[in-house]
Structure formats: structure tokens, C-alpha cells
Amino acid sequence: LRRGEGWVRKLAVSEYNDLTLFERTACLAALCTAVLECPSLYQQIEAAIKEKDALSKRLREVQREEKKLRQAVATAEATAAANASNIAVSPEREKIVSNLNEAELKAELETTVLEKNDIGEKLQVLTEEINRRPLGLDRRFNRYWYMKLSKEKSDAVLVVESYKDQSLKVIKDKDSLDLLVSRLNPRGARESKLLEALKAKAQDLLVSLPARRCKILMPEPSREFIVEYPTEASAILVKEGKKPPSQQVDYDSKEAKAAGFLVEKLKGDMLDIYQALPADSFESEEWDGPSVWMAKVRSAAALEDLRDILGEFEGAIKDKLLDHDHFNRNPRIIPGAWVPRDLDEDEDAAMEEEGDDVDEEEEDEEGDDVD
């Protein structure tokens, strides 16, 4: 098994303040990776992306339908005008118009245009959800968000997210906004960019003030949501015509309830990842083989066991596949960013032995002084 990153081993026996700047940066990168792989986050983004793709496809179809209907309406109007003026009409145009009713065409065109506008609004909301970024940060690293509550420009709020406790506050009126802007430093590294963003949104902000009272609910992941939206590995297996192991788990069984839903879901996801990778993706000398590994996953009863089993799995993957098209991460996975429990025990024992040696040396020195 891989022995783990230095900062993880150091953190196991010391405090965070004892880490160097490089070690703290590595710790932050590991936390970012963990957050990006949280089901309540990445599955929500994946679901929004899938819905956006489907709506974009439908939008293209509606636009083609609109174009055809506009041409048909124009043909019908030209034919009606020609008939009123007793102008000869070509047989082809007469055949087209005979099968169409101008009023019906215009009604269908109006319905198509409404659908197109509705799809456009939904796409805008999804794009903002996927690419949502704060307007900027102030000197205390508080984040400022401009959030639209509906399609109406006046139905929006400027929210300040506290850096300390992530609490949310709303800028309620123009006086509060003016006071905020006056206290921002135009020469500051962060506040200068925040000022530029506020100026760019000035018209929208002024229209939305004074802000109406609204209740802000923080999102909570649900069991149904986590099960309904598959992981990337599960999607690959379905595309290949295989049934993912995670879809074969009975979460209502006694065993699953005893271990916990999230533990069983993690087991299924780990098995999905193994099944989705090519058979030649592993170094045989780095682990006990796939059958033994899968048996360990299925029999694991605690998250600590799964952590060690996952570390063994990561250590067995060939290095060349980390840059392949399978499960690329940004930021990259930190190799060995975990510590096997037996290593923790060995380090604790080593520290106790060192302490005993120090005590013995001090006793020997005290005995020499007495003599």
C-alpha cells in the first residue's frame, strides 16, 4: 500500500499550524478534490448539463420548425394577395396553399415562437446555474452574489456571503448599496475587481432595489437525488450495454440499512469505477487481484475500511491511465492522500518508543548526576 502524503502523516501527529505553506496548499487541493466529488455537488451539475443539452437540441428543432412555418405563412399570404388581384399563381404554390390554412399556420407559428422563448429562458437559467460565479470578494474574503429569483429584472437580490460562518445577508436598499461601494478600496487587489463587477451590474442592481423579503433555503442532498442521477462510471457502463453494480444494490435490505445508505452507495460507486476501467488498467503486483478486491468492497462495514480499500485500488492503477480519458480530475487526484490505519498504528508505536527512549536517556543522565 502507498504510504501517504507527507502532510497527511504530519497532520496525524501534529496540529495544522505546524504545517508548512507547501503542505497547507496540498491539504487545500485535497479538500477541493473531495468537495468536487461530493454527490450533492457534481451530480447536480451533471444533471443541469444533461438538461441543458436536451433543451439545446430541442431549441434547434423548434428554430427549424419556425423557419418552415414562416415560409409557409409568407407563401399563403402571397397566394391570397395574388388571388385577390386575379394574378396567375403557379400550380406548385396553389398545391402548397390548398393543403394549408393561413389562420392555422399563424396559430402554429405563434405556439412555436412561445416554445422557443420558453426554452431560451430555461437555457439562460441553467447556464447561470452551471457557470455561476460570485461578483467578487472584499478584503475580508466575503463573497458577493447577484441572484435572479425570476425572469423579472426587479426580482433579484445582491447577497453577501460571510467568509467566517457562510451566513447570508441581503443588500436591502440603495443607501446600503452606496455605503458598501463607498467603503470598497478601488486600489485593492480584490475590491477593485468587485467594484468593476458592481458597476457593470449597476442598472440591474438599481432596478432590484429595494429588495423584497425572501426566505433563502440552503440545498440539502436527498437519497432519491443521489440514487437517481448516476455517476460518470455508471453512465459509461450503461453506454457500453452493461448493468452498473450500483443499480443492483438493494438499499432497503437489512444489510444496507445496518451499514448505512451512503456506505452502500459508495460501495456501488467503487465497483462501478472498477467495471468501467479497461481490464489491463492495473499493475498486478500492486494488489491482490480484482476478485479479492471486489470481495473486500462488498464485505466492508465501515468507511475506514473503504478508505483503505480505495487507496489500494488507486495504487494499483497504471500511471499512464491517469492522463487517459477516464475520470480526469481538475484539480488532479493527489496520489497517496490517505494513510492506512496500520501505518497510523506503526507511527504511534514508533512515537511511543521514541518517547520511552528519551525518558530512559533522561533517567540515565539524572542517575549520572546523582553519582
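Cut-offs applied
Residues numbered from 1 in each chain as written. Predicted model: local features only at pLDDT ≥ 70, side-chain atom pairs only at ≥ 80, totals over all residues. Heavy atoms only, no water. Buried < 20%, exposed > 50% of the residue type's maximum accessible area, 1.4 Å probe, protein only. Helix = DSSP H or I, 4+ residues; strand = E, 2+ residues; numbered from the N terminus. Contact = heavy atoms within 4.5 Å. Phe/Tyr/Trp six-rings, centres within 6.5 Å; stacked < 30°, edge-to-face > 60°. Lys NZ or Arg CZ within 6 Å of the ring centre and 35° of its normal. Patch = residues over 30% accessible without salt bridge, like charges linked within 9 Å, V, L, I, M, F, W, Y side chains within 5 Å. Areas by Shrake-Rupley, 256 points an atom, 1.4 Å probe, with all protein chains shown as cover. Salt bridge = Lys/Arg side-chain N within 4 Å of Asp/Glu carboxyl O. Lys, Arg positive; Asp, Glu negative; His and termini not counted. Charge placed at Lys NZ, Arg CZ, Asp CG, Glu CD. Axes fitted to C-alpha atoms, helices over the stretch in contact; angles between N-to-C directions. Parallel < 35°, antiparallel > 145°, perpendicular 65-115°, else oblique. Left-handed = near helix turned anticlockwise from the far one by under 90°.

Caption draft 1: Just helix α7 (residues 191–200), in detail. Of the residues making up α7, those classed as buried are E191, S192, L194, L195, A197 and L198. Structurally, α7 contributes buried residues whose contacts are with β1 (136–137), β2 (143–148), β3 (156–161), α6 (174–183) and α8 (202–208).

Caption draft 2: The packing of aromatic side chains, seen in detail. As enumerated under the stated definition, the model contains five aromatic pairs in all. Where Y274 meets F282, the ring centres are 5.6 Å apart and the plane angle is 35°; that geometry is what we call tilted. Just as Y274 is buried, F282 falls in that class too. Taken together, a centroid distance of 6.0 Å and an interplanar angle of 45° make the contact between Y274 and W293 tilted. In this pair, Y274 is assigned in helix α12 (residues 261–276) and W293 in helix α13 (residues 290–299), connecting sequence segments 19 residues apart. On the accessibility criterion, Y274 (16% relative accessible area) is buried. Taking the relative accessible area as the measure of exposure, W293 reaches 1% and is therefore buried. Grouped by ring-pair contacts, the aromatic residues Y274, F282, W293 and F313 constitute a single cluster. Geometry around F141 places R190 over its ring, the cationic atom sitting 4.1 Å from the centre.

Caption draft 3: Region of the structure containing a positive patch on the surface. A surface patch of like charges, here positive, comprises K57, R60, R64 and K68. Inspection of the secondary structure puts K57 in helix α3 (residues 39–84).

Caption draft 4: Up close: the packing of helix α10 (residues 232–239) against α12. Relative to each other, α10 and α12 sit at 50°, their axes nearing to 8 Å. Between α10 and α12, the angle is such that the two are oblique. In this structure, the crossing between α10 and α12 has a hand that is left-handed. Judged by residue contacts, A233, S234, I236 and L237 of α10 engage D272, I273, Q275 and A276 from α12.

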